[in-house]
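# Observations on the three-dimensional arrangement
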Number of protein chains: 2
Amino acid sequence: MSLLVVGSLGLDNVATPFDKVENALGGSATYISLAASYFSGPLYLVGVVGEDFPQKYITLLENHNIDLEGLQVVKGGKTFRWVGKYHYDLNVRDTLLTELNVFEKFDPIVPDKFKKAKFICLGNIDPALQLKVLDQMVDPQFVVGDTMNYWIEGRKDTLMELLKRVNVLIINDSEARLLAKEPNLIKAWKIIRSMGPEILIIKKGEHGALLFTDDIVFSAPAYPMEMIYDPTGAGDTFAGGFIGYLHKTQDLSAENMKRAVIYGSAMASFCVEKFSTQGLENLQYFRVHDRYREFRNLSRFDEKE
Amino acid sequence: MSLLVVGSLGLDNVATPFDKVENALGGSATYISLAASYFSGPLYLVGVVGEDFPQKYITLLENHNIDLEGLQVVKGGKTFRWVGKYHYDLNVRDTLLTELNVFEKFDPIVPDKFKKAKFICLGNIDPALQLKVLDQMVDPQFVVGDTMNYWIEGRKDTLMELLKRVNVLIINDSEARLLAKEPNLIKAWKIIRSMGPEILIIKKGEHGALLFTDDIVFSAPAYPMEMIYDPTGAGDTFAGGFIGYLHKTQDLSAENMKRAVIYGSAMASFCVEKFSTQGLENLQYFRVHDRYREFRNLSRFDEKE
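Starting afresh in each chain, residues are numbered from 1 along the sequence in its written order. All chains are assigned letters beginning with A, and all ligands numbers beginning with 1, in the order in which they are written. Reporting in this predicted model follows two pLDDT cut-offs: at least 70 for local features of residues, and 80 or more for side-chain atom pairs to be given and counted; totals over whole chains, interfaces and linings ignore these cut-offs and use all residues.

### Side note on the overall build of chain A
Heads up, the rule is: Strands are runs of DSSP state E lasting at least two residues, helices are runs of H or I lasting at least four, and both sets are numbered from the N terminus onward. Buried residues are those with 20 or more other C-beta atoms within 10 Å of their own C-beta, exposed residues have 12 or fewer, and partly exposed residues lie in between; C-beta atoms are placed from the backbone. Here contacts are defined at the residue level, using C-beta atoms placed from the backbone and a cut-off of 7 Å between them.
In terms of regular secondary structure, chain A is built from ten helices and 13 strands. Along the first, second and third principal axes, the C-alpha set of chain A runs to 65 × 45 × 35 Å. In chain A, which comprises 305 residues, the share counted as buried stands at 51%. Summarising the internal contacts of chain A: among those between residues at least 6 apart in sequence, 66% fall at separations of at least 24.

### Focus on the packing of helix α8 (residues 234-249) of chain A against helix α9 (residues 254-271) of chain A
All names here are of chain A. Defined as follows: Working convention: axes come from line fits to C-alpha atoms, limited for helices to the stretch in contact. Angles between N-to-C directions cover 0 to 180 degrees. Note on terminology: angles under 35 degrees are roughly parallel, angles over 145 are roughly antiparallel, angles of 65 to 115 are roughly perpendicular, and the others are oblique. Less than a right angle of anticlockwise turn of the near helix away from the far helix marks a crossing as left-handed, whereas a clockwise turn marks it as right-handed. Gly is placed with the polar residues, together with every amino acid not listed as nonpolar (Ala, Val, Leu, Ile, Met, Phe, Trp, Tyr, Cys and Pro) or charged (Asp, Glu, Lys and Arg).
The geometry of α8 relative to α9 is characterised by a closest axis approach of 7 Å and an angle of 140° between their N-to-C directions. Classified by the angle between their axes, α8 and α9 sit oblique to one another. As for the relative orientation of α8 and α9, their crossing is right-handed in sense. Contact residues: A234, T237, F238, A239, G240, G241, F242, Y245, L246 and T249 in α8; N256, R259, A260, V261, Y263, G264, S265, A266, M267, A268 and C271 in α9. The residue makeup of the contact of α8 with α9, split by class, is 13 nonpolar, seven polar and one charged.

### Description of the relation of the copies chain B and chain A
Condition: Here the copies are superposed with least squares, the fitted atoms being C-alpha atoms of residues at a pLDDT of at least 70 in both.
By a simple turn and slide, chain B fits onto chain A: the slide is 0.0 Å along the axis, the RMSD is 0.0 Å, and the turn is 180°. What the superposition gives is, in effect, a two-fold axis relating one chain to the other. Closest approach to the rotation axis within chain B is made by the C-alpha atom of B:H207, at a distance of 3.0 Å. In this assembly, 100% of the residues forming the interface of chain B have copies in chain A that are likewise at the interface, indicating an isologous arrangement.

### As for unusual backbone geometry
Residues A:G41 and A:P42 are joined by a peptide bond in cis, for which omega reads -10°. A positive phi angle, close to 50°, is found at B:Q250, a residue other than glycine. Among the secondary structure elements, B:Q250 is positioned in the loop between α8 (234-249) and α9 (254-271). Phi is positive for B:S276, which is not a glycine, with a value near 50°. Relative to the assigned elements, B:S276 resides in the loop between α9 and α10 (285-299). With 22 C-beta atoms counted inside 10 Å, the residue B:S276 sits in the buried group.

### Brief notes about helix α3 (residues 127-136) of chain A
Residue and element names in this part refer to chain A. Selection criterion: Directions are taken from the helix axis to each C-beta atom, and the arc is the one they span.
The complete set of buried residues in α3 reads P127, L129, Q130, V133 and L134. With its buried residues spanning 160° around the axis, α3 presents them on a single face. Here the buried face of α3 lies against β1 (3-6), β4 (43-50), β8 (119-122), β9 (142-146), α4 (149-154) and α5 (156-163).

### Comments concerning the interface of chain B and chain A
Taken residue by residue, the interface counts 27 residues in chain B and 27 residues in chain A. Of all the secondary-structure elements, those providing two or more residues to the side of chain B that touches chain A are α7 (185-193), β13 (217-220), α9 and α10 of chain B. Each residue belonging to the side of chain B that touches chain A can be placed in one class, and the counts come to twelve nonpolar, five polar and ten charged.

### Examining the sheet that holds strand β2 (residues 10-15) of chain A
Residues and elements named next belong to chain A. Our working definition: Pairing between strands is defined by DSSP: at least two bridges between the two strands are required.
With mixed pairing, four strands are arranged side by side in an open sheet as β3-β2-β6-β7. Every interior strand has two partners, whereas the edge strands, β3 (20-26) and β7 (93-99), have only one. The mean inter-strand angle of the sheet, taken between neighbouring strand axes irrespective of direction, is 20°. In this structure, β2 lies alongside β3, joined through five bridges in antiparallel fashion. Pairing of G10 across the sheet is with G26, part of β3.

### As for the nonpolar core
Going by this rule: When buried Ala, Val, Leu, Ile, Met, Phe, Trp, Tyr and Cys residues are joined through C-beta atoms within 7 Å, the set is termed a nonpolar core.
Counting residues in each nonpolar core, the largest one holds 196 residues, and the members touching the most others are A:L3, A:V5, A:V261, B:L3, B:V5 and B:V261. Those residues in contact with A:V261 that lie beyond four places of it in its chain are A:I201, A:A209, A:L211, A:F218, A:A220 and A:F242.

### Describing the sheet that holds strand β5 (residues 66-74) of chain B
Residue and element names in this part refer to chain B. The strand order across the open sheet built from nine strands is β5-β4-β1-β8-β9-β10-β11-β12-β13, with neighbouring strands paired in mixed fashion. Whereas interior strands pair on both sides, the edge strands pair on one side only; in this sheet they are β5 and β13. Between one strand axis and the next, the sheet turns by 15° as a mean value, whatever way the strands run. Pairing geometry for strand β11 (residues 199-203) and strand β12 (residues 209-212), over four bridges, is antiparallel. Bridge pairing in β12 links I201 to L211. The strands touched by α8 are β1 (3-6), β8 (119-122), β9 (142-146), β10 (168-172) and β11; relative to β8, the strand with the most contacts, the crossing angle is about 175°.

Here it is as structure tokens:
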């Protein structure tokens, strides 16, 4: 069994009220694969960077056992770049610049070795590219997809095609409301269910996450964090922890899906404790484990009535 | 043991996208005491209404075993009135009119019989009035207080006096941020802790509630509701269920505090299912019990790691 991740790799300039970084490692595929790497392998990455992508980031990904055979390096090309600034209230951010660069002409090619992967995580990129990757897979069995407002508004038809082939859709609350055209999240889930995904996860940032299946609703708390350094990548990291845990355990029951949501939340909490991907670079697995237990204590109440 | 509730009683005109009501029973003390009435008695109410307050509402409260000896009825006076309108997204509401009426000159007098109550719930009114009530009590042991932006901004000094004498402060997330002048809720808790309350509950509406003590943080989910008819009074109902359950069980441990938060959340979910106080008028206790269990299923994940 193996896990394929597709999405963006980028260079980010990020400023928060506490500090700033330039040319930091970013992108959805980066966060997803780093988070998933703590659970199991083999891990395959499909993406594109320019010639300016630093070798140290390649080395970092390789050190996490991420197979980069599917990473295209465009000669003379520039890597995708995002420049953002967070406000004093870290829930609010301004995107100052998005340069697609090599992503503009990206034609994802899945290496033969990757085509039999059963678990697939489609990070947030153009749904047409997500579909192109899916089309190359031999027998995908469990497809997790992410998207964003930009594609919901600008690529609705393509996105609807994609949703028919996605098992789990992971989006945030405003995206769910926009996609379903419905402010109530329970109703929104039913509308999104009819678009294809059997499972919906709604990320609510500091309010945790909701997991919907045909049989259950599960509410996961957020980890209470006194100091958030950089929220960038938290959602992608969540998705990576989620699918990484499921890929490791090979158990797609509702009960295990709940655990995967907690592992995703735990990974996201490590992500935001440091700038860029730093919180995901040198984690020891026992710390992930410990944080899982902290989530249990956070939401548990006993049965006396 | 007995439980004293002070706060507003009012007549509300409420419009939602689904329906509207006029001259409906409203006010913080109303919702608190109706919710608490499902747990234990005796229940004492201190408040004020005008001569226009309908007898049927008096009868309703009395039928819930709420002792109205402390309810002043002002001859020729008009009852407190609130007119509000909810948007399509029910998280957003406009207050169209607030008429203090008899509340303008309200001087709360606690009847002798009520003065030995040990549990006290100070509903959202002018903190000067909340203090006046506290001053009349013989030996208050457990004081729960609510407040709002209006008093945080306009009566800060009086509110700070009150907070020194409150065991549990129940406010919403925007009020917590405003009171502490801090966007991060974990930091806000520490700042509010230094103002007096040993326990802080932050209500987050559709995102549930957070309970903070010196030893624990507890995250309670919100009940996933497909149909919210009228959010009015949900926060007061939460407070009533919370203190009602604690008063019934007489157990102020952190574990029992968590249960009380869930009972408060359960009562609030019944409140918003119908207009005004209708959802709290004819509940059977087994339904409260059942909903408590549903909350457990909603947030529970098992221990396999």
